[in-house]
Amino acid sequence: MSPLEVPKALLDWAGAPVGWLEAAGDWARDPSRWWVFSVLAVCGGLLWSATTERAQLTALFGWLTVMAAAEGIGYHPAIFRALIAMGAFITILWLLSLPGKVSVMNNRVTLVPRDVLRAGATAAAMAAMVPLLALGLVVVRLVRPYVTRPPKVVVPRAREASEQQKTLVRD
């Protein structure tokens, strides 16, 4: 099943016209465009490698890019190209970091091998979790504006309470 067959089945079930999806699928499967979709799959893998705990949108865009590439070259070739691109990028950064592990206390930006491997493992884990968590993320984004949060209770610290009793004027 190609990525476009999923919305095609839903639209067909709803009675909407699906001819334009068939035309888009035929256009993408044209053999003259295989290299474009191969490059698109590699770009998806590079987007996966840029994923961090705080910047997870690149993983989502990487998956969308790989799914677009999968329409043209197939799901497994697109995934393999993306994984190879991600692994090659992390390996290249790790190899570049090996000569520079002199001292961490520099005034310049350096690649540390352990940090490169940790960031690569985080990127791989976050990119792998996107398809599993995508539905939950959509629901959270939809519901967030409608949920009311209680106000934060400010608890005075003991030091602030004792400082308030001090005055400049003697009684």
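Residues numbered from 1 in each chain as written. Predicted model: local features only at pLDDT ≥ 70, side-chain atom pairs only at ≥ 80, totals over all residues. Heavy atoms only, no water.

Trainee: Would you mind going over the overall build of the chain with me for this structure?
Mentor: When helices and strands are counted, the chain shows seven helices and zero strands. Listed by position from the N terminus, the elements making up the chain come as α-α-α-α-α-α-α. Each of the 171 residues in the chain was classed as buried or not, and the buried ones make up 22%. Intrachain contacts of the chain at a sequence separation of at least 6 include 54% that bridge at least 24 residues. With the model as given, the accessible surface of the chain reaches about 13,100 Å², and the carbon-plus-sulfur share is 68%. (Helix = DSSP H or I, 4+ residues; strand = E, 2+ residues; numbered from the N terminus. Buried < 20%, exposed > 50% of the residue type's maximum accessible area, 1.4 Å probe, protein only. Contact = heavy atoms within 4.5 Å. Areas by Shrake-Rupley, 256 points an atom, 1.4 Å probe, with all protein chains shown as cover.)

Trainee: In this structure, what is going on with the pattern of salt bridges? I would like to understand it.
Mentor: Two side chains of opposite charge can pair, provided their charged atoms sit close to one another. According to the stated counting rule, one finds five salt bridges in the structure shown. Linking Lys8 and Glu22 is a salt bridge whose minimum nitrogen-to-oxygen distance equals 3.4 Å. With Lys8 in helix 1 (residues 5–14) and Glu22 in helix 2 (residues 19–28), the pair connects residues that are 14 residues apart, well separated along the chain. Glu22 gets classed as partly exposed once you look at its relative accessible area, which sits at 39%. Between Asp30 and Arg33 there is a salt bridge, with its nearest N and O atoms 2.9 Å apart. Using a relative accessible area of 22% as the deciding quantity, one classes Arg33 as partly exposed. Because the salt bridges share partners, they merge into one network encompassing Asp26, Arg29 and Glu71. (Salt bridge = Lys/Arg side-chain N within 4 Å of Asp/Glu carboxyl O.)

Trainee: It is not clear to me how the packing of helix 3 (residues 34–49) against helix 5 (residues 75–97) should be interpreted in this structure. Could you clarify?
Mentor: Across the interface, helix 3 lies against helix 5 with an axial gap of 7 Å and an inter-helix angle of 45°. Classed by the angle they form, the pair helix 3 and helix 5 counts as oblique. Seen along the crossing, helix 3 lies across helix 5 with a hand that is right-handed. On helix 5, the residues that touch Ser38, Ala41, Val42, Gly45, Leu46, Trp48 and Ser49 of helix 3 are Ala78, Ile79, Arg81, Ala82, Leu83, Ala85, Met86 and Phe89. (Axes fitted to C-alpha atoms, helices over the stretch in contact; angles between N-to-C directions. Parallel < 35°, antiparallel > 145°, perpendicular 65-115°, else oblique. Left-handed = near helix turned anticlockwise from the far one by under 90°.)

Trainee: For this particular structure, what's the right way to read the packing of aromatic side chains?
Mentor: The geometry of an aromatic ring pair comes down to the distance between the two centres and the angle between the two planes. Tallying each qualifying case throughout the model produces two aromatic pairs. An angle of 80° between the planes, with centres 6.2 Å apart, marks the rings of Trp27 and Phe37 as edge-to-face. Placement of the pair is Trp27 in helix 2 and Phe37 in helix 3, with a sequence separation of 10 residues. Here Trp27 falls in the partly exposed class, since its relative accessible area comes to 48%. Note on Phe37: relative accessible area 8%, which makes it buried. For the ring pair Trp48 and Trp63, a centre distance of 4.9 Å and an interplane angle of 50° mean the geometry is tilted. Here Trp48 is found in helix 3, whereas its partner Trp63 is found in helix 4 (residues 57–73), with 15 residues between them in sequence. On the accessibility criterion, Trp48 (3% relative accessible area) is buried. Owing to a relative accessible area of 16%, Trp63 belongs among the buried residues under this scheme. (Phe/Tyr/Trp six-rings, centres within 6.5 Å; stacked < 30°, edge-to-face > 60°.)

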